[in-house]
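One-letter residues, chain by chain:
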2 protein chains.
Amino acid sequence: MSTYTFENVRPMDIERRSFEIIGEELAEMGITLDPEKEPIIKRCIHTAADFDYAKNLVFSEGAVEKGIKAFTSGCSVITDTMMAYSGINKKAFGKFGGTLYNFMSDEDVAAKAKELGETRASVCMDKAAAMGEPLIYVIGNAPTALIRIRELYDAGKINPALVIGVPVGFVNVEFSKELIIDSDMPYIVARGRKGGSNVAAAICNALMYMGGGR
Amino acid sequence: MSTYTFENVRPMDIERRSFEIIGEELAEMGITLDPEKEPIIKRCIHTAADFDYAKNLVFSEGAVEKGIKAFTSGCSVITDTMMAYSGINKKAFGKFGGTLYNFMSDEDVAAKAKELGETRASVCMDKAAAMGEPLIYVIGNAPTALIRIRELYDAGKINPALVIGVPVGFVNVEFSKELIIDSDMPYIVARGRKGGSNVAAAICNALMYMGGGR
């Protein structure tokens with residue numbers, strides 16, 4: 001049987017206690033986080049139980065402030081997966097007035113993707129761009145979405161309020177992230193292979209909580 | 001700028017190519033997977049870009065076969081998060097006739113959790129147990145759900161077809177997983193702190209695909 005013992009923490013205190021443990025272990029590792037980025041980095045570590053996020057998250061200049069401002073001013077959000085969509089705290093998001101979009105299950109997207117031989121995620125970015133409003137792009141899965149975001153930006157077709165670029169995986173994931181880092185869009189990117197819809201949602205939630213979302 | 005180059009892979013081939021890369025890197029690490037468990041382990045590595053899943057996944061005797069049989073025979077599923085719910089491939093799941101349940105947003109659950117000072121996830125397990133049918137329990141977030149599953153099992157109130165026990169985090173996560181491993185329920189557990197709703201969904205999808213879900 002286990003040698004782990006039960007830690008008696010009230011439900012409402014579990015998250016706080018988790019962040020405490022993360023802080024203690026970061027200190028043991030000799031890692032000091034930039035206070036502005038700390039709530040975001042810790043929430044990513046929390047969501048994956050993976051301290052790699054202490055090192056792989058890259059922020060454009062002023063990205064945290066811009067991200068908080070975008071959420072709290074009611075900027076709308078496009079996600080590349082239903083999992084990221086699900087993971088975004090609706091109660092917090094609902095306070096600010098933005099709309100949360102996901103087009104991955106739309107029939108026109110599937111048809112267009114098939115016609116063009118592209119991924120649905122990439123076609124979703126075209127559909128988002130066509131709405132003609134600045135958006136927060138939340139990409140937790142598809143590198144092809146990030147690649148398309150860069151193309152749309154270079155073509156002057158979009159002007160993202162923030163790009164959360166944390167797809168996960170093995171094919172073109174690192175390439176796509178570097179394309180975003182190498183742009184002058186505001187971004188938060190998890191460099192390397194790691195990321196995911198859970199991490200994407202965690203970054204959104206961290207920004208909203210920093211902005212008074214709870 | 002990045003030194004990564006774009007790998008030209010057709011959308012439909014990205015997943016296959018990812019699994020190839022995972023296989024190659026496992027071989028380089030000298031890791032040989034049990035063929036029966038391989039599709040599950042690789043899908044977890046794929047979903048988190050984290051090779052830790054090559055070592056932390058623990059299976060009860062015959063869990064893979066039991067899991068495949070449960071899904072394909074139309075066993076229903078209860079999840080502890082909307083993210084896990086979202087991540088389960090609905091097209092695959094829909095082939096088998098089971099129902100996918102999630103009670104986390106139910107008002108009676110919130111009220112009961114508040115009344116009892118318990119987590120909503122734990123109350124959700126009581127609600128699932130009360131349905132009186134064998135279920136596949138898919139836990140990607142809440143250790144308290146796993147703890148309750150063990151209590152319900154010990155009390156003779158449930159007889160899970162499979163427990164997918166992969167909560168992630170820092171408070172009682174390891175403790176809760178060992179409780180499942182120390183039982184005689186059929187289980188697939190990610191030992192340690194890691195896991196998550198994405199990993200939980202990945203295990204479901206792997207079992208369904210092995211059972212002909214696509």
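Everything here concerns the structure above.
Residues numbered from 1 in each chain as written. Chains lettered and ligands numbered in written order. Predicted model: local features only at pLDDT ≥ 70, side-chain atom pairs only at ≥ 80, totals over all residues. Heavy atoms only, no water.

**A few points about the pattern of salt bridges**
Short version of the rule: By definition here, a salt bridge exists when the distance from a side-chain nitrogen of Lys or Arg to a carboxyl oxygen of Asp or Glu is within 4 Å. Secondary structure follows DSSP: runs of H or I at least 4 residues long count as helices, runs of E at least 2 residues long count as strands, and numbering of each begins at the N terminus. Accessible area is worked out with a 1.4 Å probe on protein chains only. A residue is then buried under 20% of its type maximum, exposed over 50%, and partly exposed in between.
For the coordinates displayed, the defined rule picks out 42 salt bridges over all chains. In this structure, B:Arg150 and B:Asp154 form a salt bridge, with 2.9 Å as the shortest nitrogen-oxygen distance. Of this pair, B:Arg150 and B:Asp154 both sit in helix H9 (residues 143-154), separated by four residues, roughly a single helical turn. When its relative accessible area of 52% is taken as the criterion, B:Asp154 is described as exposed. Here B:Arg191 and B:Glu178 are joined by a salt bridge, their closest N and O atoms 2.8 Å apart. One end of the pair, B:Arg191, is in the loop between strand S6 (187-190) and helix H11 (197-210); the other, B:Glu178, is in helix H10 (residues 173-181), with 13 residues separating them in the sequence. Put simply, A:Asp50, A:Asp52, A:Lys194, B:Asp50, B:Asp52 and B:Lys194 are held in one network by salt bridges that share partners.

**Things to note about the sheet that holds strand S4 (residues 135-139) of chain A**
Residue and element names in this part refer to chain A. Put simply, the rule is: Paired strands, as defined in this entry, are two strands with at least two bridges between them according to DSSP. Fitting a line to C-alpha atoms yields each axis, with helices limited to the stretch in contact; the angle taken between N-to-C directions then spans 0 to 180 degrees.
With mixed pairing, the six strands of this open sheet are ordered in space as S1-S6-S5-S4-S2-S3. Edge positions in the open sheet fall to strand S1 (57-59) and strand S3 (100-102), since each of these has one partner strand only. Shown here is a sheet whose adjacent strand axes are inclined to one another by a mean of 15°, direction ignored. For strand S5 (residues 162-165) and strand S6 (residues 187-190), the ladder comprises three bridges, and the chain directions are parallel.

**Some words on the packing of aromatic side chains**
The test is simple: A pair of aromatic rings is counted whenever rings of Phe, Tyr or Trp (Trp by its six-membered ring) have centres within 6.5 Å, and the orientation is called stacked for planes under 30 degrees apart, edge-to-face for over 60 and tilted otherwise. For a Lys NZ or an Arg CZ to count as sitting over a ring, it must be within 6 Å of the ring centre and within 35 degrees of the ring normal.
Applying the stated criterion to the full structure yields eight aromatic pairs over all chains. Ring plane angle 80° and centroid distance 6.0 Å describe the contact between A:Phe51 and B:Phe170, whose orientation is recorded as edge-to-face. Here B:Phe170 lies in the loop between strand S5 (162-165) and H10 and A:Phe51 lies in the loop between helix H2 (38-48) and helix H3 (53-56), a pairing that spans two chains. Per residue, the accessibility class of A:Phe51 equals that of B:Phe170, and both read buried. Residues A:Phe71 and A:Phe93 carry aromatic rings whose centres are separated by 6.3 Å and whose planes lie at 80° to one another, so their mutual orientation is edge-to-face. Of this pair, A:Phe71 sits in helix H4 (residues 63-72) while A:Phe93 sits in helix H6 (residues 90-94); the two residues are 22 residues apart in sequence, bridging distant segments of the chain. Across the pair, exposure class does not vary: A:Phe71 and A:Phe93 are buried alike. Directly above the ring of B:Phe103 sits B:Lys127, whose terminal nitrogen or CZ lies 4.9 Å from the centroid. The ring centre of B:Tyr209 lies 4.0 Å from the NZ or CZ of B:Arg214, which sits over that ring.

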